[in-house]
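Residue-level structure breakdown
Chain by chain, the residues run as shown.
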Amino acid sequence: VITHHYINGTTTSISKDVEQTLTVGKTYETKVADEIPEHYELVKTPENATGKVVEGDTIVTYYYQPKKYEYTVEYYFEGEKDDTLTDRLQSEYGSVVNTYKDKIKPKYHFDKTENLPLTITDDAESNIIKIYYRRNAYDITTAVDGKGGSISGQGEQPYESILAKQDSNKDIVIIPDKGYVIKD
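Everything in this summary refers to the structure shown in the same document.

Parameters and conventions
- Residues numbered from 1 in each chain as written.
- Predicted model: local features only at pLDDT ≥ 70, side-chain atom pairs only at ≥ 80, totals over all residues.
- Heavy atoms only, no water.
- Phe/Tyr/Trp six-rings, centres within 6.5 Å; stacked < 30°, edge-to-face > 60°.
- Helix = DSSP H or I, 4+ residues; strand = E, 2+ residues; numbered from the N terminus.
- Buried < 20%, exposed > 50% of the residue type's maximum accessible area, 1.4 Å probe, protein only.
- Lys NZ or Arg CZ within 6 Å of the ring centre and 35° of its normal.
- Pairing = 2+ DSSP bridges.

Another aspect to go through is the packing of aromatic side chains. As enumerated under the stated definition, the model contains six aromatic pairs in all. Seen in terms of ring centroids, Tyr6 and Tyr63 are 6.3 Å apart; in terms of plane orientation they differ by 55°. Their pairing is tilted. Linking Tyr6 in strand S1 (residues 2-7) with Tyr63 in strand S6 (residues 59-66), this pair joins segments that are 57 residues apart in sequence. Note on Tyr63: relative accessible area 31%, which makes it partly exposed. With a centroid separation of 5.9 Å and 65° between ring planes, the pair formed by Tyr69 and Tyr93 is classed as edge-to-face. Taken together, the residues Tyr69 in strand S7 (residues 68-77) and Tyr93 in the loop between strand S9 (87-92) and strand S10 (96-97) connect sequence positions 24 residues apart. Tyr69 gets classed as buried once you look at its relative accessible area, which sits at 17%. When its relative accessible area of 31% is taken as the criterion, Tyr93 is described as partly exposed. An aromatic cluster of at least three residues, connected via ring pairs, comprises Phe77, Tyr108, Phe110 and Tyr133. Just above the ring of Phe77 sits the side chain of Lys105; from NZ or CZ to the centre is 4.3 Å.

An order of S2-S1-S6-S4 is seen for the four strands of this open sheet, with the pairing classed as mixed. Single-partner strands in this sheet number two, and they are strand S2 (18-19) and strand S4 (40-44). Across four bridges, the pairing between S4 and S6 is antiparallel. Bridge pairing links Tyr40 to Pro66 in S6.

This is the structure:
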């Protein structure tokens, strides 16, 4: 009885072959390899892992695959993480993740990523991809707190929207009521 230990889908050995010389008709038993890399796991036990010895060679093959580990994709808008959009996914140890689901919101644009591409490890704290978005436009709203006057755009939502890195096109004028003054 010859027992092989291969990486799943290949004939690449992950542990030493084990040979047993037994008498025909006797029961044989094989087992999972004792020494496999720590980030691999058995796919499934082969159907002929145990049986009766027959004439000729009996080949038993165990297949192993990389373990899956969790990774996280976090989404930030103006530097603030939106926990409702966080993805928790899994991928095989050592695999490289270089894509993510775009979750851009209206009035935002992509800014940058951190930790992309990501090589999956067994450390959940290092398996984090961060996606950053910045606002395309800023809404300017105005209001008077209480009484004492009025201000341009009061009651308009928004008074003006401006693109990032651009100046406002509308003046904001504050008009105090009689008996009130504008305080710096």
